[in-house]
Amino acid sequence: MVKALQYIGQIIAYLCFAIVIGYFSSAPAYIHLAPNKALVKLSLSHAAQHQTECRRLTAEEIAELPPNMRRPLDCPRERLSMLVELLLDDELLFHQLVQPSGLARDGSSTVYERFPVEPGAHKIVIRLRDSPRSTGFDYELTENIELAPKQNLAIDFKVETGGFKILQ
Amino acid sequence: MRSLHRYASDALVVVMVLHLLREYIKERMRGARSFSWVTGLALLWFVFASGISGYWVVWDKFAQYIAIATTEWLDSLGIFAEPIARNFLHDTTLSGRFFTLMVFIHIAVPLILLFLLWVHIQRCTHPKVNPPLGLAAGTLAMLLCLSLAFPAVSQGPVNLNQVPSVVSLDWFYLGLYPLLDRYSGQFLWSLLIGGTLALAILPWVPYRRRQPAAVVDLDNCNGCNRCAADCPFSAVTMGPRTDGKPFEHQAVVNPNLCVSCGICVGACPTSTPFRRRTELVPGIDLPTLPIREVREQTLKVCAELNGDVRILVFGCTHGPNLQALQAQGTAIVSLNCIAMLPPAFIDLVVSRNHADGVFLTGCRQGDCHYRLGLKWMEQRINGERDPFLRKRAPRERIVQFWGGAAQQKKLIEELNTFRTRLLKLQEATRANTDRNVNSSTPTVVLDG
């Protein structure tokens, strides 16, 4: 009798364990993004222009350098910060002066941002300044888009392909 | 197979957390045992990394959510020159190489985990890494039934142009991921690193002075190796003889590894209470509870015993509440671990009639506070492990009950049953004695 009760107890324990594992292994469902929303993702990695132009060294300056380090140009590594703006239907969603990466501030400036938005027709404007100019932008893209619910619209940037590109 | 793999990995998280809780609640992470505690915490990170990378390689909608959420979370550390989440921006930015890396990670991380598991049990002698056969079979059957009844299925193909808005989350591995949608990645890193550090300092909070380690007395140590063989934490080893005595080895205690359980004292053949000619100083002893004091206490409490049946209870401080057993005819001797008791003490008590019976109790079977105490004690009594309990000690007057603190009621029942049994034994012995006396008494015939 005691043995039988022990077996029943064990079966109940296994059953409880199985229910806990089986349930929490996939439930309750998690709503990562409301199904009636769309997502605009702005992601770019771009090296802005150098802070200072390369300077040609004089013959004396070259002579002062160790023989294995002699070069005609002195090019400071530091890059400019990059200004990025994103407007959706003329509303400013993102405006940031992005620092270059790296300890010497000589790497790419990167942006990775997500914006849940309402689906439907939108006008999207994205701008980037990577030069020493104080006004205006070096790259700009304006596009009318139609976003479906749950759509993931990615905005990428590549100088080689002419600047901003909407991936959808 | 995939379902079995998934549910088994979920079960791993459950038992791992239960194991962590049990070791904490029972304070099995203090002193020398803090090493296993801290290395165990590192294992937590590797278990979660293994599980999360496993979901990733399936590459369904759920994997898409995990891949993007994880890489965004990693990017929040700010250590990557370019956000790795950019890999999942669009189908055109996705490289198959990334999955090769993930498969490699899902194999490499568990291998590192295995190595760390080996480190985790480094300070435990005779580690038990395989579950009992019945438990293994039951768990396998349970997981198989669960896999067949509710197979783990993919959550649809990946589409990077669509957000996996609703996902069936595995809460065991990804329970904290929803926080990433509400708080920053740095917040979650701080939470996890802070939580791990908080757990890591638990062995020292609140601070308690460690009990002094066992000490070796070379005058009484002949280097027999029994203490080293029985130490559950590798604290006792055998080293070359240093006192010029004609023995090859001597016991050496590493105080940093010693948990002061006293199992080595119980294993030492010189811990015999019958020794009267010289002072009772064994080859290895605990400064806080020398075996000499245990003998004195044993004899003292036995001398105070009265009633029809006199029972001496030897128990450990981590087992049941021994004070609750105090009753007429019952005396208590409490030890750090039941295996601290040399079997010769039981022999002394029952053979020299200091008590009618000896009741041994301690932690629950399979849950010894010092890992191997119960096992060694049982083997010593059964004559399977040195030092043995001598055959002359009447086994019917000795009872072992390993119920732990949770089975206090059952313990009292067992003690009462033992008392009844001893009473019957006494009556039977008395009847035999009377019969023998009657049969040996010469019959006097009076004439006339």
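Residues numbered from 1 in each chain as written. Chains lettered and ligands numbered in written order. Predicted model: local features only at pLDDT ≥ 70, side-chain atom pairs only at ≥ 80, totals over all residues.

## With respect to the overall build of chain B
- When its secondary structure is counted, chain B shows 13 helices and 9 strands.
- Its C-alpha atoms give chain B a radius of gyration of 30 Å, clearly above 22 Å, the size a compact globule of 448 residues would have.
- Projected onto the principal axes, the alpha-carbon positions of chain B cover approximately 125 × 60 × 35 Å.
- Here chain B holds 448 residues, and 35% of them are scored as buried. (Helix = DSSP H or I, 4+ residues; strand = E, 2+ residues; numbered from the N terminus. Rg over C-alpha atoms; globule rule 2.2 N^0.38 Å. Buried ≥ 20, exposed ≤ 12 C-beta atoms within 10 Å, placed from the backbone.)

## So, the domain arrangement of chain B
Residues and elements named next belong to chain B.
- Taken domain by domain, chain B comprises domain 1 (2–204) and domain 2 (215–432).
- Each of domain 1 and domain 2 has a C-alpha centre, and the two are 44 Å apart.
- When its residues are assigned to classes, the side of domain 1 that touches domain 2 shows 2 nonpolar, 3 polar and 4 charged. (Domains from an automatic or database assignment. Nonpolar A, V, L, I, M, F, W, Y, C, P; charged D, E, K, R; others polar.)

## Points about unusual backbone geometry
All names here are of chain B.
- P206 follows V205 through a cis peptide bond whose omega is -10°.
- On the secondary structure map, P206 appears in the loop between α7 (185–200) and β2 (215–216).
- The omega torsion across D386 and P387 is -5°, close enough to zero to call that bond cis.
- When you line up the elements, P387 lands in the loop between α12 (373–381) and β9 (398–401).

## Points about the sheet that holds strand β8 (residues 357–361) of chain B
Residues and elements named next belong to chain B.
- In space, the 4 strands of this open sheet follow the order β7-β6-β8-β9, with parallel pairing throughout. In this open sheet, the two strands that pair with only one neighbour each are β7 (330–335) and β9. On average, each strand axis in the sheet is tilted by 20° relative to the strand beside it, whichever way the strands run.
- With 4 bridges connecting them, strand β6 (residues 311–316) and β8 associate as parallel partners. (Pairing = 2+ DSSP bridges. Axes fitted to C-alpha atoms, helices over the stretch in contact; angles between N-to-C directions.)

## Examining the interface of chain B and chain A
- Each side of the interface is counted separately: chain B has 35 residues, and chain A has 33 residues.
- The element contributing the most residues to the side of chain B that touches chain A is helix α1 (residues 2–25) of chain B, with 5 residues.
- By residue class, the composition of the side of chain B that touches chain A is 21 nonpolar, 7 polar and 7 charged.
- In this sheet, strand β1 (residues 166–167) of chain B lies alongside strand β1 (residues 30–31) of chain A in antiparallel orientation, the contact comprising 2 bridges. (Contact = placed C-beta atoms within 7 Å.)

## Here's the deal with the domain arrangement of chain A
- By domain assignment, chain A separates into domain 1 (1–30) and domain 2 (38–52 + 79–167).
- Here domain 1 of chain A and domain 2 of chain A have C-alpha centroids that lie 52 Å from each other.

## Concerning the nonpolar core
- Counting residues in hydrophobic clusters, the biggest one holds 63 residues, and the most contacted among them are I263, C264 and I338 of chain B.
- Setting aside its immediate chain neighbours within four residues, C264 of chain B contacts A214, C227, D230, C231, V236 and I284 of chain B. (Core = buried A, V, L, I, M, F, W, Y, C linked by C-beta atoms within 7 Å.)

## Examining the environment of G262 of chain B
Residues and elements named next belong to chain B.
- For G262, the position within the fold is in the loop between β4 (249–253) and α9 (263–267).
- Taking C-alpha positions, G262 is 18 Å from K26, a pair spaced 236 residues apart along the chain.
- Excluding its chain neighbours within four sequence positions, the residues that come into contact with G262 are L286, L289, L335, N336, C337 and M340.

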